[in-house]
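# A closer look at the structure
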Amino acid sequence: MSSSTVITNIAALVTNDPSLGDHSPLGLVRDAAVAVEGDRVVWTGESSKAPATDNRVDAGGLAVLPGFVDSHSHLLFGGDRTEEFNARMSGRPYSAGGIRTTVAATRAASDAELEAGLVRYLAEALRQGTTTFETKSGYGLTTADESRALRVAARHTDEVTFLGAHIVAPELADDPAAYVGLVTGEMLDACAPHARWIDVFCEQGAFDGDQARAILTAGKARGLHPRIHANQLSQGPGVRLAVELDAASADHCTHLTDADVDALANSRTVATLLPGAEFSTRAPWPDARRLLDAGATVALSTDCNPGSSFTSSVPFCIALAVRDMGMTPDEAVWSATAGGAAALRRDDVGRLTPGAYADLTLLDAPSHVHLAYRPGVPLVAGVWRRGVRVH
């Protein structure tokens, strides 16, 4: 029989249940408590009304929110791209191969090296409050390398994404149609058993709308659900394709037309914004305000990858979203928790209400607003995942 625990004396509790507390989207409860049994939340409310449990934890007048849900990352790779970043930030030309550099390093890495890197970045993210994460393949671009990356990932998360269509493999650069055939055929057959999602980078220089549709449709036929890298570098068909195919998420969404915004606002597809990428490339920021005002669902994620966003810190992305993307602190916290859950079509994470997983982040602060108010400060003082304190 599982033991029960109540965490009391919480100054401000983010539940993401608007029926609770202040009835805002955050469902903010003051002077609150959370009761946990096994790996689930069983009660949420005012501290004075907390039920009797086997164990009691005093939060010390600090804030608690759901563990962050990082719904977009690329954590299976070899090497890094320090020289490329240094050149970009120094204004120097750099002619190395970008993603192709990481592809070469990833192919050369052993399974043990790939897994050690994944475990390192997951531990890093966990210390910063991330309790649910998605990660992708996409740096192997051969059947063997893509499938082994997914097998490694599946040992650590259920949210595994097949991204064989990251770019055209270097050896087939002159025959993209052949590579699309590989991704939708032999590679998909090998990878589908190890993944939940299929993704494609729909962008000039990667895959056009017709190629992306063929890849995502083939994935759907094999039981994988679509998500898509869309409209990062330029306007294009990615967002509308995502909506057409009922993709769970259109990710980046930096360059949107009014029609793109309307399509997202009138669909289940979440707009996942990745400010770490804009920060690390000095690109224009996505306009979160425009999406939110239109009624679109917005998620915030790290896009942790070695080339364009080498951060595992959701708090950092929250601060960027508030400072540079037009989000309020409340909106950014919701998007990094409940929004990320929506981008994964999950209702058992990203909230602290009965039935949800007991994934909690304790801040060394009296309010969740401090995540944006005190950027760069390591505010995460405790993390519970599935009811167990892990940090």
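The following paragraphs examine the structure supplied in this document. Model, not experiment: these values are computed from the prediction.

We now examine the packing of aromatic side chains. Counting across every chain of the model gives 6 aromatic pairs. For the pair Phe77 and Tyr139, a centre-to-centre distance of 6.4 Å together with 80° between the ring planes defines the contact as edge-to-face. Taken together, the residues Phe77 in the loop between β5 (68-70) and α1 (82-90) and Tyr139 in the loop between β6 (130-136) and α4 (143-154) connect sequence positions 62 residues apart. Taken individually, Phe77 and Tyr139 each receive the classification buried, so the pair is uniform in this respect. With centroids separated by 5.8 Å and ring planes inclined at 75°, the aromatic side chains of Phe77 and Phe310 adopt a geometry described as edge-to-face. Here Phe77 is found in the loop between β5 and α1, whereas its partner Phe310 is found in the loop between β13 (298-300) and α12 (314-324), with 233 residues between them in sequence. Judged by its relative accessible area of 41%, Phe310 is partly exposed. Through a chain of ring-to-ring contacts, three or more aromatic side chains come together here, namely Phe77, Tyr121, Tyr139 and Phe310.

Two numbers describe how helix α3 (residues 111-127) lies on α4: the axes approach to 10 Å, and their chain directions differ by 45°. As far as their axial angle goes, α4 and α3 are oblique. Remark: the crossing between α3 and α4 carries right-handed chirality. Only Arg148, Val152 and Ala153 of α4 make contact with α3, whose side of the interface consists of Asp111, Leu114, Glu115 and Leu118. Class assignment for the residues of the contact of α3 with α4 results in 4 nonpolar, no polar and 3 charged.

Put simply, the largest pocket is a space of about 470 Å³. Around the largest pocket, the lining is made up of 28 residues, and of these Ile99, Phe201, Gln232, Leu233 and Ser308 lie nearest the centre. Sorting the residues of the lining of the largest pocket by element identifies α1, α2 (99-108) and α10 (275-281) as the ones contributing at least two each. At 3 residues, the largest contribution of residues to the lining of the largest pocket is made by α10. When the residues that make up the lining of the largest pocket are grouped by side-chain class, the tally is 9 nonpolar, 13 polar and 6 charged. If you add up the space inside the second largest pocket, you get close to 230 Å³. Along the wall of the second largest pocket there are 16 residues; nearest its centre are Leu122, Leu126, Thr130, Phe133 and Arg385. Of all the elements in the fold, those that place two or more residues in the lining of the second largest pocket are α3 and β6. Looking at the lining of the second largest pocket, its residues break down into 7 nonpolar, 7 polar and 2 charged.

Once that is clear, we can look at the sheet that holds strand β4 (residues 55-66). Strand order in the open sheet formed by 7 strands is β3-β2-β1-β4-β14-β15-β16, with mixed pairing between adjacent strands. The sheet is open, and its two edges are formed by β3 (40-46) and β16 (388-389), each paired on a single side. In this sheet, strand β2 (residues 29-37) lies alongside strand β1 (residues 4-13) in antiparallel orientation, the contact comprising 7 bridges. When the sheet's bridge partners are listed, Thr5 is paired in β2 with Val36.

Considering the arrangement of structural elements, one finds Glu278 in helix α10. Buried charge Glu278 goes without a salt bridge, the closest partner of opposite sign being Arg88 at 12 Å. Among the polar contacts listed, one links the side chain of Glu278 to the side chain of Thr254, at a separation of 3.0 Å. Those residues within four positions of Glu278 in sequence are excluded, and the remaining contacts are Thr254, Ala283, Pro284, Trp285 and Pro286.

Attention now goes to the pairing of β6. Taken across its 7 residues, β6 has 7 buried, putting it largely inside the fold. Two strands pair when backbone bridges link them, and β5 and β6 are joined in this way by 3 bridges, in the parallel orientation. Counterpart to Val69 in the pairing with β6 is Thr132. With 3 bridges connecting them, β6 and strand β7 (residues 159-165) associate as parallel partners. Paired with Lys136 across the bridge in β7 is Thr161.

Looking now at helix α5 (residues 176-184). Taken residue by residue, α5 has Tyr179, Val180 and Val183 as its buried positions. Across the axial projection of α5, the buried residues extend over an arc of 100°, all falling on one side. Contacts from the buried residues of α5 go to β7, α6 (186-191) and α7 (209-221).

In this structure, His252 takes a positive phi of about 100° despite not being glycine. Positive phi, close to 55°, is recorded for Arg282, a residue that is not glycine. Mapped onto the elements, Arg282 comes out in the loop between α10 and α11 (288-294). For Arg282, a relative accessible area of 57% corresponds to the exposed category.

Attention shifts here to the pattern of salt bridges. This model, assessed by the stated rule, comprises 24 salt bridges. Notably, a salt bridge pairs Arg346 with Glu159, separated by 2.7 Å at the nearest N-O pair. One end of the pair, Arg346, is in the loop between α13 (329-343) and β14 (360-363); the other, Glu159, is in strand β7, with 187 residues separating them in the sequence. Both residues of the pair, Arg346 and Glu159, count as buried. Taking the shortest distance from any N to any O, the salt bridge between Arg290 and Asp258 comes out at 2.8 Å. Highlighted residues: Arg290 in helix α11 and Asp258 in helix α9 (residues 258-265), separated in sequence by 32 residues. Looking at Arg290, the relative accessible area reads 29%, which means it is partly exposed. Among the charged side chains, a network of salt bridges with common partners joins Glu159, Arg196, Arg346 and Asp348.

Cut-offs and rules
- Residues numbered from 1 in each chain as written.
- Predicted model: local features only at pLDDT ≥ 70, side-chain atom pairs only at ≥ 80, totals over all residues.
- Heavy atoms only, no water.
- Phe/Tyr/Trp six-rings, centres within 6.5 Å; stacked < 30°, edge-to-face > 60°.
- Helix = DSSP H or I, 4+ residues; strand = E, 2+ residues; numbered from the N terminus.
- Buried < 20%, exposed > 50% of the residue type's maximum accessible area, 1.4 Å probe, protein only.
- Axes fitted to C-alpha atoms, helices over the stretch in contact; angles between N-to-C directions.
- Parallel < 35°, antiparallel > 145°, perpendicular 65-115°, else oblique.
- Left-handed = near helix turned anticlockwise from the far one by under 90°.
- Contact = heavy atoms within 4.5 Å.
- Nonpolar A, V, L, I, M, F, W, Y, C, P; charged D, E, K, R; others polar.
- 1 Å grid on protein atoms, 1.4 Å probe; cavity = no way out; pocket = protein on both sides within 12 Å on 5 of 7 lines; lining within 4 Å.
- Points joined across faces, edges and corners; volume = space filled by probe spheres on them.
- Pairing = 2+ DSSP bridges.
- Lys, Arg positive; Asp, Glu negative; His and termini not counted.
- Salt bridge = Lys/Arg side-chain N within 4 Å of Asp/Glu carboxyl O.
- Polar contact = N/O pair within 3.5 Å; in protein donor to acceptor, adjacent residues only side chain to side chain.
- Arc of directions from axis to C-beta.

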